[in-house]
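Here is how the chains run, residue by residue.
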Amino acid sequence: MFSHVEPFAGDPILALVEVFQADPRPHKVNLSIGIYFDEQGRIPVMRAVQLAEQRLAAAGGAKPYLPIEGSPPMRRAVQALLFGADHPLLSSGRAVTLQTVGSSGGLKVGADFLARWFPGSAVWVSDPSWDNHRSLFEGAGVAVHAYPYYDAATGGVRFEAMCEAIAALPPRSVVLLHACCHNPTGVDLSPEQWDRLIPLMHERGLLPFLDLAYQGFGSGIDADAYAIRALAASGAPFFVANSFSKSMSVYGERCGALTVVCPDASQAERVLGQMKATVRRNYSNPPLHAAGLVTHVLADTDLRALWEAELAEMRERILAMRRSLHGVLSARLPGHDFSYFLRQQGMFSYTGLTPQQVDRLRDEFAVYLIRSGRMCVAGLNAGNVERTAEAMAAVLGAAA
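Here the structure is a predicted model, which means the values were calculated and not measured.

Colleague: Describe the sheet that holds strand β10 (residues 255–261), listing the residues and the values that go with them.
Modeller: Across the sheet, seven strands lie side by side as β2-β10-β9-β8-β7-β3-β4; this open sheet has mixed pairing. Looking at which strands have only one partner, the edges of the open sheet turn out to be β2 (95–101) and β4 (144–148). Neighbour to neighbour, the strand axes of the sheet diverge by 25 degrees on average, direction disregarded. In the sheet, β2 pairs with β10 via seven bridges, with the strands oriented antiparallel.

Listed below in structure tokens is the structure:
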């Protein structure tokens, strides 16, 4: 019956994690998967989340299905986080939010919605982008293309080429953008660049779709929402999928949301209805525990302050690892410019390593990156950063 089914090659990142776990070398370093590890190399359990869970457990009670669109208190809390507590969108009815199964679930619901209601529209993603962006939209039957983004020569953004490509897109094309902490490069648009790009997309009648998986890991919670709030101020319609996996360290709880900003409340009501129909045909409704965690942390004044402080510590630790890596590499290879490590933001960095150099790092030094050269900086700590930098210097120096 199933002999015609082709084998699954496996996800390249998750497969690499399995190889890492089987590696017996005690000094191995995992810089592949996008997870924040603390100074001891563990996934942290945030105190704010612990307290939220204690309150949920103490409340007890039944565990009914949530509505298709998710928990109303969580959805309100997400909107306040994205736009600011007093933003006019919160009272205008123009923004509608679904609680989703992580931001991947939000992307999937958005992809299915676009395939149904924008059947002639293609999606354009950055070159490069998170691999699952292409997979999710192509899996929904949507054509996916790429626009210029990363400049390997400068370690920055090919912004003029990006604008030229986006200016040439047909109306109603969907432009997928990373709101902050670009995955995989760590290279973000500046506020000034967003201010140029947003009117261009609005004038062309394009539909921005922002992915915000790392709010708080770049420059701070509000600063990392700059693009979203600038889009809201422009009056343009847009999508935004956001996640709490990293920012609350709750990966397995699948806490996410999808928000759509529409031209008016009537259109927003219809969009919400059809997104609910999309969810009903997919996973039916989102998880109850995830909604409780997010709502308690975001809506309680004390827990919110504790969470923000813990998130700031995580952000600062990543920055410290960037500085340490830059310092050792610059000392070992003074002819190389490693300043891009300091300009990049968030959990990820494009190292400039070739696939062959990445293989050598793994085989000779037990340092694991994915073959694109993307590194999860959050996997570094005081005990392994110097050794990792020395290994990278050895590999890069051999190629010089």
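After that view of the structure, there is still more to cover.
Colleague: Go over helix α3 (residues 72–83) with me, naming the residues and quoting the values.
Modeller: In this model, α3 (12 residues) spans 17 Å end to end at C-alpha, consistent with the 16 Å of a helix rising 1.5 Å per residue. Of the positions making up α3, those classed as buried are Met-74, Arg-75, Ala-77, Val-78, Gln-79, Leu-81, Leu-82 and Phe-83. Backbone geometry just after α3 places Gly-84 at a positive phi near 100 degrees.

Colleague: Would you mind going over the packing of α3 against helix α11 (residues 288–299) in detail, with residue names and values included?
Modeller: It is at 9 Å that the axes of α3 and α11 come closest, and there the two elements cross at 50 degrees. The angle between α3 and α11 places the two elements in the oblique class. When the axes of α3 and α11 are compared, the crossing they make is left-handed. Where α3 approaches α11, its residues Pro-73, Met-74, Ala-77, Val-78 and Leu-81 are matched on the opposing element by Ala-291, Val-294, Thr-295 and Leu-298. Its residues assigned to classes, the contact of α3 with α11 comprises eight nonpolar, one polar and no charged.

Colleague: Can you lay out the pairing of strand β7 (residues 174–178) for me, pointing to particular residues and giving the numbers?
Modeller: The element β7 is extensively covered by neighbouring structure, given that five of its five residues are classed as buried. In the sheet, strand β3 (residues 123–127) pairs with β7 via two bridges, with the strands oriented parallel. What sits directly across from Val-123, in β7, is Val-174. Relative to strand β8 (residues 207–212), β7 runs parallel, the two sharing five bridges. When the bridges of β8 are listed, Val-174 appears paired with Leu-207.

Rules used in this analysis
- Think of each chain on its own: its residues are numbered from 1, step by step along the sequence as written.
- Predicted model: local features are reported for residues with pLDDT of at least 70 only, side-chain atom pairs are reported and counted for 80 or more only, and whole-chain, interface and lining totals are derived from all residues.
- Side-chain measures here rest on the full set of heavy atoms in the structure, leaving out hydrogens and waters.
- Only strands joined by at least two bridges in the DSSP assignment are considered to pair.
- For helices the rule is a DSSP run of H or I covering at least 4 residues; for strands it is a run of E covering at least 2, with both sets numbered from the N terminus onward.
- An axis is simply a line fitted to the C-alpha atoms; with a helix, the fit covers only the stretch in contact. Between two such axes, the angle follows the N-to-C directions and lies from 0 to 180 degrees.
- The span expected for a helix works out to 1.5 Å for each residue beyond the first.
- Any residue under 20% of the maximum accessible area for its type is buried, any over 50% is exposed, and the rest in between are partly exposed; the area is computed with a 1.4 Å probe on protein chains only.
- Our angle categories are set so that under 35 degrees counts as roughly parallel, over 145 as roughly antiparallel, 65 to 115 as roughly perpendicular, and the remainder as oblique.
- Definitions for this section: a left-handed crossing has its near helix turned counterclockwise from the far helix by less than a right angle. A right-handed crossing has that turn clockwise.
- The contact criterion used throughout is that any non-hydrogen atoms of two residues lie within 4.5 Å.
- Any residue that is not Ala, Val, Leu, Ile, Met, Phe, Trp, Tyr, Cys, Pro, Asp, Glu, Lys or Arg is counted as polar, Gly included; the first ten are nonpolar and the last four charged.

Spatial relationships are all this shows, so hold off on functional conclusions.
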